[in-house]
Amino acid sequence: MKNLILLWLMVTSCTWLCGQDFVVVVSQETPIEAVSLFQLRQIYLGKIKKIQGHSVRPINVRSGDPLRQKFETLVFPKDFDLEEYWVISKLRGGPDPPLAVRGWGLATAYIAKNPGLLGYIPSEKRHQIEALGLKEILIEGDVTHAN
Amino acid sequence: MRLDHATRKTPTFWRKIGYLTLLLIALWPLAAGEPASQSEDAADVVPTIATELPRFRFGAGADLLYLDNDRHRNQRFLKPAHLSLYGKYTWNDRLSVFAEVAGSREPNLAGVYETNVELERLYVQYAWREWAKIRAGKIDNQMGIIKPIHWLITLDTIRRPILEDNSYLPAKTTGLEIFGSHFRGQTEMTYSFTMSHSDSDVVDDQPIGRAKSVGLDVSLKREGRYRFGLASTFYRDPKDKDRHVTGVLPYAEWWFIPGKLQSRTEFLNLHRAKGAVDLQAWYSRLKWQIDKRTYLNLRHDQGDDERSAGGRERRAQTLTVGTRLTVNWRARLEVSSNKVPGELRFTEWGAWIGWIY
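Every residue gets a number counted from 1 within its own chain, in the order that chain's sequence is written. Both sets of labels track the order of writing: A upward for chains, 1 upward for ligands. In keeping with the model being predicted, local features are shown solely for residues with a pLDDT of at least 70 and side-chain atom pairs are shown and tallied solely at 80 or more, while totals for entire chains, interfaces and linings include all residues. Only heavy atoms go into the side-chain values, all of them from the structure, while hydrogens and water stay out.

1. Some details on the overall build of chain A
The secondary structure content of chain A amounts to five helices and eight strands. What counts as a helix is a DSSP run of H or I of at least four residues, what counts as a strand is a run of E of at least two, and both are numbered from the N terminus. Along the chain direction, N to C, the helices and strands of chain A fall in the order α-β-β-α-β-β-β-α-α-β-α-β-β. Exposure is judged per residue with a 1.4 Å probe applied to protein chains only, and the accessible area is read against the type maximum: over 50% gives exposed, under 20% gives buried, and values in between give partly exposed. Burial analysis of chain A (147 residues in total) assigns 52% to the buried set. When contacts within chain A are restricted to residue pairs at least 6 apart in sequence, those whose partners lie at least 24 apart make up 76%. Here chain A has roughly 6700 Å² of accessible surface; of this, 58% comes from carbon and sulfur atoms. Contacts: residue pairs with any heavy atoms within 4.5 Å of one another. Exposure was quantified through the Shrake-Rupley algorithm and a 1.4 Å probe, taking into account, for residues, occlusion by the shown protein chains and nothing else.

Written out as structure tokens, the structure reads:
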């Protein structure tokens, strides 16, 4: 019964997340198949740099890009002030913000060439993922734990 | 009105600021904005990610402070109060160096202030793992939540809590820090272990200069829910090994309503020389995050205040409204009611506008 509830939670959260406007991708050489939403948030905040023992680094598209807005709306809580977070991190000598490039096309070129790099592309481009040398990774909601 | 004003500006510090400013101006173009590729053409040869990340980051902050209290007579202060320049150079994912020079002049509640210009931080950091990083050089004292040097941005109020305003745990230390964090589920565990000497005096029956210290801060945090921690530092007089001071600082922060209503308490007990009464100071605050940028903060402060009340206990209730006007600009308005034994209760008004790059 417990497993059924867990399965139902995973399916519903994945269904909800898969219905979003983007998919999360890594290079085909990166041995990561899934991340939780919590892990994804921490990766983009510079707090987690390894998943299941493998290095991961985030890449963004430039601020103001509608795709980035959609990504951040999903990944960060509504009241989370991301700009303030990076100002404070810089002042404290903490992690630097992810590299941001112009457009998802360039991001995919970076990701394909740099194993461990993690980014996102519009969901309508899902059919091009293999041709671009990438693979989609599953977002599991908040049901798994960071390592 | 005229305020007592003691200045302390050494030529060496001005020279350091001059050199740093020239260096920062020269490197400014490298630090501007978000890193971005020069080309949109994905067919171009794409470099590895390490070559695209900016190696140098530059930051600066300044503010304007207005204070008005009726403690003894009508005291007013309106001046730029802080200026800081800082930069970080990153060699690779693991190795970096950070430097900061800052000037400050903050009056106490009697209107007395000093002008200080100091090298605030200068350290080398090696991040071996997320749970094991090392810093060596002049660093922030990591004990507790509030770090005085970051008040420009990270504090919710204009006036600092008594325990920080007095720097009972010296704000700066020079030495070695081993620190890190580890996630277990969604709970983040952090620690900081320091072996250093203090850069300012440690309060005792006779102040201890450059006290040798060993400190440990351990905390548990769940974003948007809670943060609990305990810090302890042991200071020893380098001239008298039998003379020591121990500071213990438990702290807690929790959200009553995630993202909206938060409470925080920090308590410091400083155990001093034999026969001396322990020095204590604490504060508790309630913060209402009205929206993403604006908040209302209510704080109760209580403790032995060396800086503003000659070591007598001061009690204060402080109400602050703050907002982030843009990414770079923020503003606060504040009123506090203060009570010191043997004096009439007095009120202080404050306004602050700060800029950060």
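2. Some points on helix H2 (residues 37-44) of chain A
Here H2 of chain A lies mainly inside the structure; eight of its eight residues are buried. Three or more residues of H2 of chain A are buried, namely Leu37, Phe38, Gln39, Leu40, Arg41, Gln42, Ile43 and Tyr44 of chain A.

3. Looking at unusual backbone geometry
Backbone geometry follows two general trends: most residues other than glycine have a negative phi, and most peptide bonds adopt the trans configuration. The backbone of Gln52 of chain A shows a phi angle near 50°, a positive value even though the residue is not glycine. Secondary-structure assignment places Gln52 of chain A in the loop between strand E3 (50-51) and strand E4 (54-55). When its relative accessible area of 43% is taken as the criterion, Gln52 of chain A is described as partly exposed. Of note, the phi angle at Ser167 of chain B is positive, near 50°, even though the residue is not glycine.

4. What about the sheet that holds strand E7 (residues 117-122) of chain A?
All names here are of chain A. Taken in spatial order, the six strands of this open sheet run E2-E8-E1-E7-E5-E6, and their pairing is mixed. The outermost strands of the open sheet, each flanked by one partner alone, are strand E2 (34-35) and strand E6 (99-101). Strand direction decides the pairing type here: strand E1 (residues 22-27) and strand E8 (residues 134-139), joined by four bridges, are antiparallel. Of the residues in E8, the one forming a bridge with Val26 is Lys135. Across the face of the sheet, H2 comes into contact with E1, E2, strand E5 (57-61), E7 and E8 while running at roughly 110° to E7. Its contacts with the sheet place helix H5 (residues 104-113) against E1, E5, E6, E7 and E8, and it is angled at close to 150° to E7. A pair of strands is labelled paired if DSSP reports no fewer than 2 bridges between them. Helix axes are fitted only over the stretch in contact, all axes being lines through C-alpha atoms; the angle between N-to-C directions runs from 0 to 180 degrees.

5. With respect to the pattern of salt bridges
Within this document, salt bridges are pairs made up of a side-chain nitrogen of Lys or Arg and a carboxyl oxygen of Asp or Glu, the two lying within 4 Å of each other. Throughout the structure, instances matching the rule amount to 36 salt bridges over all chains. Among the salt bridges present, the one from Asp237 of chain B reaches Arg243 of chain B, with a minimum N-O distance of 2.6 Å. Across this residue pair, the class does not change: Asp237 of chain B and Arg243 of chain B are buried. One network of salt bridges, with partners in common, ties together Asp81, Glu83 and Glu84 of chain A together with Arg324 and Arg330 of chain B.

6. Thoughts on the nonpolar core
The biggest cluster of nonpolar side chains holds 42 residues, and the ones touching the most others in it are Phe22, Leu40, Ile43, Tyr44 and Leu118 of chain A. For Leu40 of chain A, the residues in contact, after removing those within four places along its chain, are Val24, Val35, Phe71, Val75, Leu118 and Ile139 of chain A. Nine residue types can take part in a nonpolar core, namely buried Ala, Val, Leu, Ile, Met, Phe, Trp, Tyr and Cys, and a core is a set of them joined through side-chain atoms within 4.5 Å. One finds Ile146, Ile162, Leu169 and Tyr251 of chain B within the second-largest nonpolar core, a separate group that totals 22 residues.

7. Here we look at the packing of H2 of chain A against helix H3 (residues 66-75) of chain A
Residue and element names in this part refer to chain A. In the contact formed by H2 and H3, the axes pass within 10 Å of each other and the chain directions differ by 120°. Comparing their axes, H3 and H2 come out oblique. Across the interface between the two elements, Leu37, Leu40, Arg41 and Tyr44 of H2 pack against Phe71, Leu74 and Val75 of H3. Note on terminology: angles under 35 degrees are roughly parallel, angles over 145 are roughly antiparallel, angles of 65 to 115 are roughly perpendicular, and the others are oblique.

8. Some points on the packing of aromatic side chains
Two aromatic rings, taken as a pair, are described by how far apart their centres are and by the angle between their planes. Under the pairing criterion, centres of Phe, Tyr and Trp rings, with the six-membered ring standing for Trp, must be within 6.5 Å; the plane angle then separates stacked pairs below 30 degrees from edge-to-face pairs above 60, leaving the rest tilted. As enumerated under the stated definition, the model contains 17 aromatic pairs over all chains in all. Here the aromatic rings of Phe71 of chain A and Tyr120 of chain A are separated by 4.1 Å at their centres, their planes lie at 10°, and the arrangement is stacked. Residue Phe71 of chain A is located in helix H3, and its partner Tyr120 of chain A is located in strand E7; the two are separated by 49 residues in the primary sequence. Across the pair, Tyr120 of chain A and Phe71 of chain A agree in class, each one buried. Seen from their ring centres, Phe80 of chain A and Tyr85 of chain A are 5.9 Å apart, and the 45° between their planes marks the pair as tilted. By definition here, charges over rings are those cases where NZ of Lys or CZ of Arg is within 6 Å of the ring centre and within 35 degrees of the ring normal. Its end group placed over the ring of Tyr357 of chain B, Lys90 of chain A keeps NZ or CZ at 4.6 Å from the ring centre.

9. Description of the confidence of the model for chain A
Residue and element names in this part refer to chain A. Averaged over every residue, the pLDDT of chain A is 84; the share at 70 or more is 82%. Residue-level confidence of the predictor is what pLDDT reports, using numbers from 0 through 100. Below a pLDDT of 50 lies the segment residues 11-16, which in the model reaches six contacts outside its immediate sequence neighbourhood of four places, other chains included. Confidence drops under a pLDDT of 50 for residues 143-147, and excluding neighbours within four residues, the segment shows 13 contacts in the predicted structure.

10. Focus: a nonpolar patch on the surface
Residue and element names in this part refer to chain B. Candidate patch residues must exceed 30% relative accessible area and have no salt bridge, after which like charges are joined if within 9 Å and Val, Leu, Ile, Met, Phe, Trp or Tyr side chains if within 5 Å. A cluster of nonpolar side chains, Phe256, Ile257, Leu286, Trp288, Ile290, Leu296, Leu298, Leu319, Val321 and Leu333, forms an exposed patch at the surface whose accessible area comes to about 860 Å². Elements that contribute at least two residues to the nonpolar patch include exactly strand E11 (240-257), strand E13 (279-289), strand E14 (294-305) and strand E15 (312-324). Considering the arrangement of structural elements, one finds Phe256 in strand E11.

11. With respect to the side chain of Glu253 of chain B
Residue and element names in this part refer to chain B. Position of Glu253 among the secondary structure elements: in strand E11. N or O atoms closer than or at 3.5 Å make up a polar contact, with two conditions inside protein: a donor-capable atom paired with an acceptor-capable one, and, for residues adjacent in sequence, both atoms drawn from side chains. Within polar-contact distance, the side chain of Glu253 engages the side chain of Gln262 at 3.5 Å. If near-sequence neighbours (up to four positions away) are discounted, Glu253 is found in contact with Ile145, Arg225, Tyr226, Arg227, Gln262, Ser263, Arg264 and Arg285.

12. Notes on the pairing of E8 of chain A
Along a regular strand, successive side chains alternate from one face of the sheet to the other. Looking at chain direction, E2 of chain A and E8 of chain A are connected through two bridges and run parallel. Pairing of Ala34 of chain A across the sheet is with Leu138 of chain A, part of E8 of chain A.

13. Structural notes on the confidence of the model for chain B
All names here are of chain B. Within chain B, residue pLDDT values average 84, and 83% of them lie at 70 or more. Here residues 1-10 is a poorly scored stretch, pLDDT under 50, and it has 25 contacts once near neighbours within four places are set aside; other chains count. Predicted confidence for residues 27-45 stays below pLDDT 50, and this span has 36 contacts to residues more than four positions away or in other chains. Prediction confidence for the complex, expressed as pTM and ipTM, is 0.81 and 0.79 respectively.

14. Considering the side chain of Asn60 of chain A
Residues and elements named next belong to chain A. Along the chain, Asn60 turns up in strand E5. On the accessibility criterion, Asn60 (5% relative accessible area) is buried. The residues contacting Asn60, other than those within four sequence positions of it, are Tyr44, Arg68, Glu72, Pro98, Leu99, Ala100, Val101 and Tyr120.

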